[in-house]
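In case you want the letters, here they are:
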Amino acid sequence: MGGLGVAGCFVDSEGLPPPVDGFYFPSGIAASPGGRVLYVANSDFDLRFNGGTVQALDLQRLRRRALGLQASLNPGEAGVGASVSAACEAAGLRPNPAPLLYPGPCGPLDISALDGDEEIVRSSAVIGAFASNLALVHRPLPEPGAAPAAAEGPVARLFVPVRGDPSVTYFDVADDRTDAPAAQRCEGDACFRLDCGAAAAGGRCARDHRIGEDPGQELIRRKLPLEPFGIAASPDGTSVIVSHQIENIASAITNPWGPVEGGAGTRPQLAAVLTDLAAGPTELAAVPPPRLVTRLRQLAEAEGEASKGIDYQPTFALTYVAAPQLDLLRYQEIQDGAPALLFQSISTRISALASGADSRGIAVDASERQACEAGCGGEDELECLARCTAIPMQVFVAHRYPNSLLVGELTTTLIERESDRPEGRWAAAYETLAIRDAAPLAAYPSRVEVGDVIGADGARRRRAFALAFDSGLAFSYDPEARRIDAVIRTGRGPQAIAFDTGATCGDDKERCDCAPGDDACEPYSLMYIAHFTDSYLGVVDLDMRKANTFGSMILTVGEPIPPRESQ
C-alpha cells in the first residue's frame, strides 16, 4: 500500500457511493479512550466507489460479543459447552467455513444485518479515496486543582490523511474520557458524532474540513503536498505532523482548541512545510514530553513570568522506506505573529542491519517514565519530575531488509541555567534517539503499536505488536524479556491495530471504572486488526489466563470481501 502513486486519478463526483454498513480496504483504526467508539477509515483502494468512508462503530457492543465468545471457548472457567460449534452457536455465528482465508473458530459477524440494539456501525461519512491512516486527539484536561476548561469549542478530533484529494480530512468527534471530572463525557448516540461538515449523516465531508484544500486557509500555501501518508499528533492535540512520500516532505497542521465567536471551534490549518527530507518519509510517532516541561510552564504562566518556562518543542520520530535513518522532527508553534516552523532536529543512522533502509511503522512507549511521574508531588515535585525525566522511553520500529523489529531508546537531556529559584533551574530540554537491539520477524513488517496483555496474575503487561502485511502474522514482543513471546496468525493483509483494554463489571460485559483489588472487576484486553486485503476486522484475545484463546483471533467482524482480481 505504501508505494501507491495514483492520487491524481481520483474524481469524487463519479461512480457508486461507498458502502457504509461494511468495510472496504480498511487502512486506519483507533479506539476512543473511554471504550465507547471504534473509528475505522476505509480507503476505496481499487476505486470501485466514488470515495472512502470513516465509520464510528459501537465498541461496547463489539466487546460484549467478543468477551462472550471468549468465555464460551474457555469452558473450564465459564461452564459453557466445550465444543467450538456450540460456542459459535451461542454467539449466533456459524462455524468458520474458510479458516485459511480468515482465522478463528467461527464464521464472520455480518454487521450489515444488525440493527436496533445490535447495530454496530452507528455513524459514517464519505471522504476521498486512498485514506492511509487516522489520528485521534483530545483537548487536554486541566491539572488537578486547576480551573475547569471552557465548555465551548471542540473537545476531540479525528484526522485522516487522504491521498486522493490530497488532503487531511478532519472530524469533530465526541469525548468519552472518564479519567477526570472535567471530561465532557458523551452519552448515547452523541458518542458516535462524526462532524465533517457533511450535509447529512453518511454524506460527503465538506471542503472546509479538508485541510490543504480549504480556500480560506492563507498561512503558507493552499494545497497540501502530494501523498499524505503517515500521521501523528502531539499528546495535547495542538500539532499534527504528516509525511509525504513522493515529494520527500513533511507538513505541520496547527489545531487550536480555543473557541471563537458563536461557540464553534477554531479550524485546523496547514502551518508549515519541511522540504528536502531523505527519500521516502513514511510513518510518524509523537514523542510524549516530560511532565516536568508542562509543570514548569504552568508555574511560569501562573506567576506571569514566561521567561521562567522551559524551551521545548513538540517532537516527532519519522521513518523512511528508502533511507537508512530515523529522524526527530520538531515543531515550533506560531508565536507573536511569527510563522510556525517544522525542522529536522537529529538523524540517527541505522548501520547495524544490512543496508539499514526500509523502515515502516514506529511506536514510542513512555509508560515507565509516566508511572514514575505519577508519583511526584509536594515540595519535592520538580526534583522528582527531573529524576523521572532521566528514564529513557522505548522506541519500536518495523524494519525490512532484514525483516526485524528494531528496539531503541529516546533519552531526554535537560539543560540547566543559573538561578536561585527551583522552577527556573532548567532552561531547555531535547531528545536523542539510539537503536539498541533487534528481534527477527517474518516478511514483511509494516506497522507497530504498543499495548497491554493481561498476565497470568490478572495484571497488565506491556507489549509491542508488529504486523507483517505480506505474511499475515502479528508478533508480540516482550520488552522486559527482550524476545518475541507470541506469533498471532491473522488474515491476509493486516494493516492497522487498535487496543481495547480495561475492566468489566457484571455479566453484561460493559467497561467500567474499577478500584485496585475490586473483586467485581474482570480485566480484559482485546486487539482489533484491520485487514486491508479482504476488508474486515479481526478481534484477538490478549488475556493470558484464557488458555484456549490467548494470542488467537476469536471474532471476525464484517463479511470478508476478496479483492476483485481474486474473485
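Residues numbered from 1 in each chain as written. Predicted model: local features only at pLDDT ≥ 70, side-chain atom pairs only at ≥ 80, totals over all residues. Heavy atoms only, no water.

Novice: Describe in detail the sheet that holds strand E21 (residues 445-454), supporting the description with residues and values.
Specialist: By way of backbone hydrogen bonds, the strands of a sheet pair with one another, either parallel or antiparallel. One open sheet holds the 4 strands; their spatial order is E21-E22-E23-E24, and the pairing between them is antiparallel. Each having just a single partner strand, E21 and strand E24 (483-489) make up the two edges of the open sheet. Pairwise comparison of adjacent strand axes, ignoring direction, gives a mean angle of 25° for this sheet. Bridge analysis of strand E22 (residues 460-468) against strand E23 (residues 473-478) gives 5 bridges, and the strand direction is antiparallel. Note on E23: the bridge partner recorded for Ala 466 is Phe 475. (Pairing = 2+ DSSP bridges. Helix = DSSP H or I, 4+ residues; strand = E, 2+ residues; numbered from the N terminus. Axes fitted to C-alpha atoms, helices over the stretch in contact; angles between N-to-C directions.)

Novice: Please provide a residue-by-residue account of the environment of Gly 35, values included.
Specialist: By the element assignment, Gly 35 lies in the loop between strand E1 (26-31) and strand E2 (37-42). C-alpha separation for the pair Gly 35 and Arg 63, spaced 28 residues apart in sequence, amounts to 9.2 Å. With residues near it in sequence (within four places) discarded, Gly 35 still touches Leu 59, Gln 60, Arg 63, Asp 176 and Arg 511. (Contact = heavy atoms within 4.5 Å.)

Novice: Any chance you could break down the environment of Arg 204 for me, citing the residues and the numbers?
Specialist: With respect to the helices, strands and loops of the structure, Arg 204 is situated in the loop between strand E7 (167-173) and strand E8 (210-211). Assessed through its relative accessible area of 25%, Arg 204 is described here as partly exposed. In sequence terms Arg 204 and Gly 128 are 76 residues apart; their C-alpha atoms lie 8.6 Å from each other. There is a polar contact of 2.7 Å between the side chain of Arg 204 and the backbone oxygen of Asn 50. Here the side chain of Arg 204 touches Ile 127 through a polar contact of 3.5 Å, landing on its backbone oxygen. (Buried < 20%, exposed > 50% of the residue type's maximum accessible area, 1.4 Å probe, protein only. Polar contact = N/O pair within 3.5 Å; in protein donor to acceptor, adjacent residues only side chain to side chain.)

Novice: With reference to specific residues and values, describe the side chain of Asp 452.
Specialist: Residue placement: Asp 452 occurs in strand E21. Asp 452 gets classed as buried once you look at its relative accessible area, which sits at 10%. In this structure the side chain of Asp 452 is engaged in a polar contact, spanning 2.9 Å, whose partner is the side chain of Arg 462. For Asp 452, the residues in contact, after removing those within four places along its chain, are Arg 460, Arg 461, Arg 462, Thr 501, Ser 525 and Leu 542.

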